[in-house]
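# Structure assessment
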Amino acid sequence: MLSRVFGFGRRSFDSLSEQEVLALAISSEEDDGRIYRAYADGLQDQYAQSAKVFEEMAKEEDQHRHALIELHRKRFGERIPLIRREHVRGYYERKPDWLVRPLGLDKVRAQAEQMEHSARRFYEEAMKRTQDAPTRKLLGDLALAETAHESLARRLGEKHLPQDVKTQEAADERRQFILTYVQPGLAGLMDGSVSTLAPIFAAAFATGDTWQTFLVGMSASVGAGISMGFTEAAHDDGKLSGRGSPVARGLASGIMTTLGGLGHALPYLIPDFWTATTIAALVVFVELWAIAFIQNRYMETPFLRATFQVVLGGALVLAAGILIGNA
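The structure presented is a predicted model; accordingly, all values stated were derived computationally and were not measured.

### Brief notes about the overall build of the protein chain
- Along the protein chain, the regular secondary structure elements total twelve helices and two strands.
- The order of α-helices and β-strands along the protein chain, N terminus first, is α-β-α-α-β-α-α-α-α-α-α-α-α-α.
- Taken across its 327 residues, the protein chain has 44% of its residues classed as buried.
- Contacts spanning at least 24 positions in sequence make up 74% of the contacts within the protein chain whose residues lie at least 6 apart.

Pasting the structure below:
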């Protein structure tokens, strides 16, 4: 592990021979082609046009690799040394597709542009390491290929992604984000914020004990979070509804439910009853307005209607808890 962090046991780029530089370029192009194909596979179902972009990028990486292999064969023979980017200190790294999932459009396009930028710098540095004219020419051509007026991702994007397709894919991506994260998270936040109001404030006014109130709030919040999370994950696998991963939805719902309840339970860690209650009430006010904002922003619910539904409903539950606690 330490060797990975500090670079122990790695070669410096300056110490590589021309043959090793070519071998490193070959393995890098091979890895990049695999990453681009993985991006294409990950985007195929929802963003078919963008998947074509990365398929063509992978094909261009294959062409680069074939040219490098042919050059190596002419200069050094058939045996290519096994040297990869992780063997070279300070060499740019690539994230495999499973480290950048979920594969959002903006994320993979940005990653592709970063990969091209790093590849360009590598070829520019590699050019300085050789006096062989054909090698310099090939490395220079590859550097130019990476430094076209626009990145390959953008150039291919113009070919396969006209504006109407980009608009539609962006809308699909936003819809998927809402279905997988926002909708379950919002449901959890509403449940956690509203459903725990009555037990927490009832316990507060019934006992006048901030610690006991906090314990009630903690147990109600965590219990509700577990229940909501499992319910969301279990009732729909996302295959037919298109709502995405049940694990992601369950986590979003469960975490937001717990946070919604803890928001007005944590103030009761303050020993003074009225100070804790005042802060808890302010937190409730902020939570309810935040829910109304999210409904308006992502669910396109008219703001006045969202405010009326959430704030009025929350106020009624809060009042019920206080009345029960004082009874």
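Once you've had a look at it, read on.
### Examining the packing of helix α2 (residues 18-43) against helix α3 (residues 48-76)
- Axis separation between α2 and α3 bottoms out at 8 Å; the angle between their running directions is 165°. Between α2 and α3, the angle falls in the class roughly antiparallel. At the point where α2 passes α3, the crossing takes the left-handed sense.
- Grouping the constituent residues of the contact of α2 with α3 by class yields 16 nonpolar, five polar and twelve charged.

### A short note on helix α11 (residues 273-298)
- Along its 26 residues, α11 runs 37 Å from first to last C-alpha, staying within 8% of the 38 Å computed at 1.5 Å per residue.
- Of the positions making up α11, those classed as buried are Phe 273, Ala 276, Thr 277, Ala 280, Val 284, Glu 287, Leu 288, Ile 291, Ala 292 and Gln 295.

### Topic: the packing of helix α8 (residues 197-207) against helix α9 (residues 210-235)
- Where α8 contacts α9, the axes come no closer than 9 Å and their chain directions differ by 165°. Between α8 and α9, the angle falls in the class roughly antiparallel. Of the two elements, α8 crosses α9, and the hand of that crossing is right-handed. Contacts from Pro 199, Ile 200, Ala 203, Ala 204 and Thr 207 of α8 reach α9 at Thr 213, Val 216 and Gly 217.
- Of the residues in the contact of α8 with α9, the class split is five nonpolar, three polar and no charged.

### What about the nonpolar core?
- Of all hydrophobic cores here, the largest spans 21 residues; its most connected members are Phe 13, Leu 16, Leu 24, Leu 68, Phe 122 and Tyr 123.
- Elements with a minimum of two residues in this core: α2, α3, α4 (105-127) and α5 (133-146).
- In terms of residues, this core owes the most to one element, α2, which gives six residues.
- When neighbours within four sequence positions are excluded, Leu 68 is seen to be in contact with Leu 22, Ala 25, Ile 26, Glu 29, Tyr 123, Leu 138, Leu 139 and Leu 142.

### Structural notes on helix α10 (residues 246-262)
- With 17 residues, α10 should cover 24 Å at 1.5 Å per step; its first-to-last C-alpha distance of 24 Å lies within 8% of that length.
- Turning to α10, its buried residues are Ala 248, Arg 249, Gly 250, Ala 252, Ser 253, Gly 254, Thr 257, Thr 258, Gly 260, Gly 261 and Leu 262.

### Section: the environment of Ala 143
- Looking at where Ala 143 falls in the secondary structure, it is placed in helix α5.
- When the C-alpha positions of Ala 143 and Arg 121 are compared, they lie 7.5 Å apart, and in sequence the two are 22 residues distant.
- For Ala 143, the contacting residues outside a window of four places in its chain are Arg 120, Tyr 123 and Glu 124.

### Topic: a nonpolar patch on the surface
- Together, Phe 285, Val 286, Trp 289, Phe 293, Phe 303 and Leu 304 give the surface a local cluster of nonpolar side chains, amounting to about 640 Å² of exposed area.
- At the level of elements, α11 and α12 (303-326) are the ones that each hand at least two residues to the nonpolar patch.
- No other element matches the four residues that α11 contributes to the nonpolar patch.
- Relative to the assigned elements, Trp 289 resides in helix α11.
- Residue Trp 289 is classed as partly exposed on the basis of its relative accessible area of 31%.

### Describing the packing of aromatic side chains
- According to the stated counting rule, one finds ten aromatic pairs in the structure shown.
- Pairing Tyr 39 with Phe 54 gives two aromatic rings, centres 5.6 Å apart and planes at 85°, and the pair type is edge-to-face. Of this pair, Tyr 39 sits in helix α2 while Phe 54 sits in helix α3, placing them 15 residues apart in sequence.
- Classification of Tyr 39 by relative accessible area gives buried; the value is 0%.
- Members of the aromatic cluster, connected to one another through ring pairs, are Tyr 36, Tyr 39 and Phe 54.

Calculation notes
Residues numbered from 1 in each chain as written. Predicted model: local features only at pLDDT ≥ 70, side-chain atom pairs only at ≥ 80, totals over all residues. Heavy atoms only, no water. Helix = DSSP H or I, 4+ residues; strand = E, 2+ residues; numbered from the N terminus. Buried < 20%, exposed > 50% of the residue type's maximum accessible area, 1.4 Å probe, protein only. Contact = heavy atoms within 4.5 Å. Axes fitted to C-alpha atoms, helices over the stretch in contact; angles between N-to-C directions. Parallel < 35°, antiparallel > 145°, perpendicular 65-115°, else oblique. Left-handed = near helix turned anticlockwise from the far one by under 90°. Nonpolar A, V, L, I, M, F, W, Y, C, P; charged D, E, K, R; others polar. Expected span 1.5 Å × (residues − 1). Core = buried A, V, L, I, M, F, W, Y, C linked by side-chain atoms within 4.5 Å. Patch = residues over 30% accessible without salt bridge, like charges linked within 9 Å, V, L, I, M, F, W, Y side chains within 5 Å. Areas by Shrake-Rupley, 256 points an atom, 1.4 Å probe, with all protein chains shown as cover. Salt bridge = Lys/Arg side-chain N within 4 Å of Asp/Glu carboxyl O. Phe/Tyr/Trp six-rings, centres within 6.5 Å; stacked < 30°, edge-to-face > 60°.

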